[in-house]
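# Examination of the molecular architecture
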Amino acid sequence: MTAPASPTDPESLRERALDALTTARDRTALLTSCVEEPELTAQHSPLMSPLVWDLAHIGNQEELWLLRAVAGRDAMRPEIDGLYDAFEHPRSERPSLPLLPPAEARQYAAEVRGRALDVLESTAFRGTPLTEAGFAFGMIAQHEQQHDETMLITHQLRKGPAALTAPDPAPAPPFTGPAEVLVPGGPFTMGTSTEPWALDNERPAHRREVPPYFIDTTPVTNAAYQAFIQDGGYDTERWWSLEGWSHIRSHDIEAPLFWRREGGQWLRRHFGITEVVPPDEPVLHVSWYEADAYARWAGRRLPTEAEWEKAARHDPAAGRSTRYPWGDADPTPEHANLGQRHLRPAPAGSLPAGASPLGVRQLIGDVWEWTSSDLHPYPGFAAFPYKEYSEVFFGPEYKVLRGGSFAVDQVACRGTFRNWDYPIRRQIFSGFRTARDGTV
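Residues numbered from 1 in each chain as written. Predicted model: local features only at pLDDT ≥ 70, side-chain atom pairs only at ≥ 80, totals over all residues. Heavy atoms only, no water.

### So, the sheet that holds strand β11 (residues 395-402)
Where strands meet in a sheet, backbone hydrogen bonds hold them as pairs that are either parallel or antiparallel. Keep this limit in mind: Two strands form a pair only when DSSP identifies at least two bridges running between them. The secondary structure listing takes helices from DSSP runs of H or I that are at least 4 residues long and strands from runs of E that are at least 2 residues long, numbered from the N terminus.
Strand order in the open sheet formed by four strands is β12-β11-β10-β13, and the pairing between neighbours is mixed. Looking at which strands have only one partner, the edges of the open sheet turn out to be β12 (418-421) and β13 (430-431). Here two bridges tie strand β10 (residues 368-375) to β13, and the two strands are oriented parallel to one another. Counterpart to tryptophan 368 in the pairing with β13 is serine 430.

### A look at the packing of aromatic side chains
Our working definition: In this scheme Phe, Tyr and Trp rings, the latter by its six-membered ring, pair at centre separations within 6.5 Å, and the angle between planes marks the pair as stacked below 30 degrees, edge-to-face above 60, and tilted otherwise. Relative accessibility under 20% of the residue-type maximum defines a buried residue, over 50% an exposed one, and the middle range a partly exposed one, all with a 1.4 Å probe and only protein chains included.
This model, assessed by the stated rule, comprises 29 aromatic pairs. Look at tyrosine 324 and tryptophan 326: their rings are 4.9 Å apart centre to centre, the planes differ by 5 degrees, and that puts the pair in the stacked class. What makes tryptophan 326 buried here is its relative accessible area of 17%. Both rings, one in phenylalanine 393 and one in tryptophan 420, keep their centres 5.4 Å apart while their planes meet at 45 degrees; by these two values the pair is tilted. One end of the pair, phenylalanine 393, is in the loop between β10 and β11; the other, tryptophan 420, is in strand β12, with 27 residues separating them in the sequence.

### Some words on unusual backbone geometry
With omega at -10 degrees, the peptide bond leading from arginine 203 into proline 204 counts as cis. Following the sequence through the fold, proline 204 ends up in the loop between β2 (186-190) and β3 (206-210). A cis amide bond links phenylalanine 384 to the next residue, proline 385, at an omega of -5 degrees. Mapped onto the elements, proline 385 comes out in the loop between β10 and β11. The phi dihedral of histidine 285 falls on the positive side, at around 65 degrees, and the residue is not glycine. Its identity as a non-glycine residue notwithstanding, leucine 351 has a phi of 55 degrees, on the positive side. Along the polypeptide, leucine 351 turns up in the loop between β9 (320-321) and β10. Residue classification places leucine 351 among the buried positions, given a relative accessible area of 17%.

### Focus on a negative patch on the surface
Which entries qualify depends on this criterion: Each patch groups residues whose relative accessible area exceeds 30% and which form no salt bridge, using 9 Å between like charges and 5 Å between nonpolar side chains of Val, Leu, Ile, Met, Phe, Trp and Tyr. Using a 1.4 Å probe, accessible areas were evaluated by the Shrake-Rupley method; residue-level cover was limited to the displayed protein chains. For this analysis, a salt bridge means a side-chain nitrogen from Lys or Arg found within 4 Å of a carboxyl oxygen belonging to Asp or Glu. His is not counted, nor are the chain ends; Lys and Arg add positive charge and Asp and Glu add negative charge. Taken as the charge centre is NZ of Lys, CZ of Arg, CG of Asp or CD of Glu, depending on the residue.
A cluster of acidic side chains, namely Asp85, Glu88, Glu388 and Glu391, defines a negative patch on the protein surface. Within the fold, glutamate 391 resides in the loop between β10 and β11. You can call glutamate 391 partly exposed: its relative accessible area is 32%.

Dropping the structure here:
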């Protein structure tokens, strides 16, 4: 039995789509207005696009799907489609392209948005897969928020003084609950067939059998990770996979990205500010290889994707999977640290209102959590609305991350949402929690 879907009546969906699109655009404006034009056109890392590329790409995708595909309108600027096709030009090449300058990119995105809102007003949310339940509008809001997260990563990578500010999460007393939770074995429903804006890789809902296992109550903290470093974790080959050991040795990696040792303490650069690494925050900016090595050192392992989702969604008392750990209601600030309200994770053990029925905390928001699983389709998977969203990434090259981070908006974060990346990636807002088999 699966969780009920969110509201599907046309006016509620129209209101939800408008709110999601507006929230995303407000965030895009913030991320691209807080720096001067040279910062928008510069490439701050070969891993990332110039911010101005993301800005125009957001507008171009909105035009492609809402104006052309949904409304059947002619292309506004067909000559730029190739420039903003993410598969046509790798990020390292994008600064050399004849990109729209910032003012023109903003004007283009704004004009597209004005027309898209007219389409939203007139579209009946039925009749085609793209318009059913407002899917195309939800997809575009999620797409923009995903690029907002990407732009926030670029802000973290850029040199220079801080350009963004946000209040810190509320302080939390040290977590004194159990270090791990037993998740009983048995079947549960993984994925969804009812969430209106779920993407193709989240579908369909299907039965999954999972043996009993223990999972960390909270994500692994900076303090715990420092113990791994102090114990020679980066110098001890036996904790690492063959590929992981080769990677950290060839790249001289000895701590999470942005960390440095100075004066007997660990410091980090965080959005333009140097600070002492906060011991009680979930560790951030670690690769899958680092997460896997820590888990081995701790005598544990990374959870599988199915184990992560069962911990996050299965309600043993109700005998069904819910949309979120706390139930079916949309997230509030009391449930999860999402939406760039803060520029950091909340202390481990925070947000008890967001805990799962078994007491696992912070499964949604704060940090993306690496799992041990490769990205594969679910049984019955069908690519929609285009193969390049998910299908081309299936296989052993990519590891699955779950749960979202403080940089993710709720429209692009739910108990079934799947993220993926190469196991070497560290610039993303990634952390982890560990698990072990359910034998004492």
